[in-house]
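The primary structure of each chain is shown beneath.
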Amino acid sequence: MAITEEQMEELLSHYPDKVKKNRKKHLVQKNSAETCQQIEANTRTIPGIISQRGCAYAGCKGVVIGPIKDMVHIVHGPVGCSYYAWGTRRNKARADDATPPEKIFSPLCFTTDMQESDIVFGGDKKLAKMIDEVVEIFHPQAVSICATCPVGLIGDDINAVARAAEERHGIQVLSFNCEGYKGVSQSAGHHIANNNLMEHVIGKGTTEKNPDEYVINILGEYNIGGDGWELERILADIGYTLNCIMTGDASYEKIRNLHKADLNLVQCHRSINYIAEMMETKYGIPWLKVNFIGVTATIASLREIAQCFGNQELIERTEIIIARELARVTPVLEQYKKICQGKTAFVFVGGSRSHHYQALLRDLGMDVVVAGYEFAHRDDYEGRQVIPTIKSDADSKNIPELHLTPDEELYQEAHVHLKMSKEKYEEISSRIAFSNYTGMIPEMKNGEVILDDANHHEVEELIRMIHPDLFFSGVRDKYIVHKMGIPAKQMHSYDYSGPYAGFNGSLIFAEDVANALVTPAWKLVTPPWEDTNRRRSDSNA
Ligand code: CFM
């Protein structure tokens, strides 16, 4: 059910003129007749509007750094920044040959718990003492320090503290100046984390190349609800060596050896595209955008990966695994599809899932009538070809771009990484789009709405106008939508469910969605727009 032009107008009509003008640029209705529709993104949220975004610290510590399991991640700041970011993302980790259970620190919460006296007299001594304690008690492989807002305001030199601690303890201590205000959203924190890891960790492991044949990394996969483990299962069955999933269930040593892969797969483009790009410049490793959410998308990605290596045996093995998995999941999915077919969804998540989950919802016969991102950039909506045209403002200039050059020892051309002739690589590149992402908008259907940096008002109005059958978003708006009589699924941590990736993930997702659609609970709720008594009392108030 497409939304009308009048409804779009009504949605914005509540704003003062200046705000209306601004928000209009963040709201696009898909028009298939236009080849490249532009949206405004990654700009500062209008003060006073409560949006769904997080902060730079959330993107650095919470998203990219936090899942590295055998490092201790110290949050330098008041206790709330650490406590409220603790464990909520469900990035799972488990022990393995290299990481015994006592070396898994990612579920724990470490903070300097800055007090007023630290703000007045400086918190650096407290931080240094805490690193000493952490090393003595936990013996981590490495330590990270993530700064929250007050640290930047009072000017604690966390880099100097980190350097001194490295000398005292002989392990790496990484410092991230990811103060919450460093950007317009958590996206700034991704970039800060990417830069620091690239400069100081990646490539510092052994320099020998992995001798296995098809060595891959998955970048931007954080093992939420165990997603990464399902991908590991499928890829290992096909015959790939998974060098590292970054950073879901990753160890420090694996990140140091990230450069040992032949090919980088990029799942979440938003949070990790900087590393994919920088590794291509420095090591020559090609990267491929994939999507492992949904059966159709997973199959298409698996076929593309096999094509990248151009090996017939690998291509055949891929088909065998696809056939095996399809035989198992299709009959079950068909049953769920009977419930889901024709239903509509509104998907509003961070910076990549609103695109990825459209593939899975389409598998189930559902339409996504509104899709939006909290903090994506224009390239995530429109495709990477727009990157040179994106205007950088004061906020985006806040984070330095690293200018890397090819590594003298480790750089190899892409065809050498993929173990093929230059001619063959060129032939494959004409079919496979390496180093590219086409974005979300091109895949959406006419009339569907694309929404950037939504706020509560817009979410509520859109829900009221289009009455989707399901709402996928975060915990901040989930309960409001519940109260409007519509089931809402938490798409960041999957509530308590998952994995949702790959073949097994599709089954679990389909079951969760079907359950949400058929549960009678929603029929027992009277949505406010249908409750005439309530309407009257509201207007009397
Ligand atoms: Fe990438 Fe993510 Fe996402 Fe993201 Fe996030 Fe997340 Fe997300 Mo929550 S890295 S952009 S900063 S896919 S935590 S695992 S679900 S907002 S859409």
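I will try to describe carefully the structure that is included in this document. (Residues numbered from 1 in each chain as written. Predicted model: local features only at pLDDT ≥ 70, side-chain atom pairs only at ≥ 80, totals over all residues. Heavy atoms only, no water.)

### A look at the nonpolar core
Residues Leu197, Tyr240, Ile275, Ile305, Phe309 and Phe509 are the most contacted members of the largest nonpolar core, which totals 116 residues. Setting aside residues no more than four positions away along its own chain, phenylalanine 509 makes contact with Tyr357, Leu360, Leu361, Leu364, Phe472, Met491 and Tyr500. Within the second largest apolar cluster, 25 residues are counted, among which are Phe346, Phe348, Val369 and Val370. (Core = buried A, V, L, I, M, F, W, Y, C linked by side-chain atoms within 4.5 Å. Buried < 20%, exposed > 50% of the residue type's maximum accessible area, 1.4 Å probe, protein only. Contact = heavy atoms within 4.5 Å.)

### Thoughts on the site of the ligand
Taken together, 14 residues sit near the ligand, with Arg89, His190, Cys268, Ser352 and His492 positioned nearest. Across the shell around the ligand, the residue classes break down as six nonpolar, six polar and two charged. (Near = heavy atom within 4 Å. Nonpolar A, V, L, I, M, F, W, Y, C, P; charged D, E, K, R; others polar.)

### Here's the deal with the layout of surface pockets
Gaps left between atoms are located by rolling a probe of water-molecule size over the structure's atoms. Taken as a whole, the second largest pocket encloses approximately 1000 Å³ of empty space. Around the second largest pocket, the lining is made up of 36 residues, and of these Asn42, His377, Ile390, Ser396 and Glu401 lie nearest the centre. Residue assignment for the lining of the second largest pocket shows that the elements contributing at least two residues are α9 (186–200), α12 (269–283) and α16 (378–382). With six residues, the single largest contributor to the lining of the second largest pocket is α12. Grouping the amino acids of the lining of the second largest pocket by side-chain chemistry returns 11 nonpolar, 15 polar and 10 charged. (1 Å grid on protein atoms, 1.4 Å probe; cavity = no way out; pocket = protein on both sides within 12 Å on 5 of 7 lines; lining within 4 Å. Points joined across faces, edges and corners; volume = space filled by probe spheres on them. Helix = DSSP H or I, 4+ residues; strand = E, 2+ residues; numbered from the N terminus.)

### Looking at the environment of glutamate 232
Tracing the backbone shows glutamate 232 in helix α10 (residues 227–238). Residue glutamate 232 is classed as partly exposed on the basis of its relative accessible area of 29%. Distance from glutamate 232 to isoleucine 218, taken between C-alpha atoms, is 9.6 Å for residues 14 residues apart in sequence. Excluding residues that lie within four positions of it along the chain, glutamate 232 makes contacts with Arg94, Leu242 and Ile245. A polar side-chain atom of glutamate 232 sits 3.4 Å from a polar atom in the side chain of arginine 94. (Polar contact = N/O pair within 3.5 Å; in protein donor to acceptor, adjacent residues only side chain to side chain.)

### Some remarks on the pairing of strand β7 (residues 241–247)
The element β7 is extensively covered by neighbouring structure, given that six of its seven residues are classed as buried. One ladder, built from six bridges, connects strand β6 (residues 215–221) with β7; its direction is parallel. Among the inter-strand pairings, glutamate 221 is bridged to a residue of β7, identified as threonine 247. Taking the sense of rotation as the criterion, the β-α-β connection linking β6, α10 and β7 turns out right-handed. (Pairing = 2+ DSSP bridges. Right-handed = clockwise from strand over helix to strand, strands pointing away.)

Structural measurements only, silent on function.
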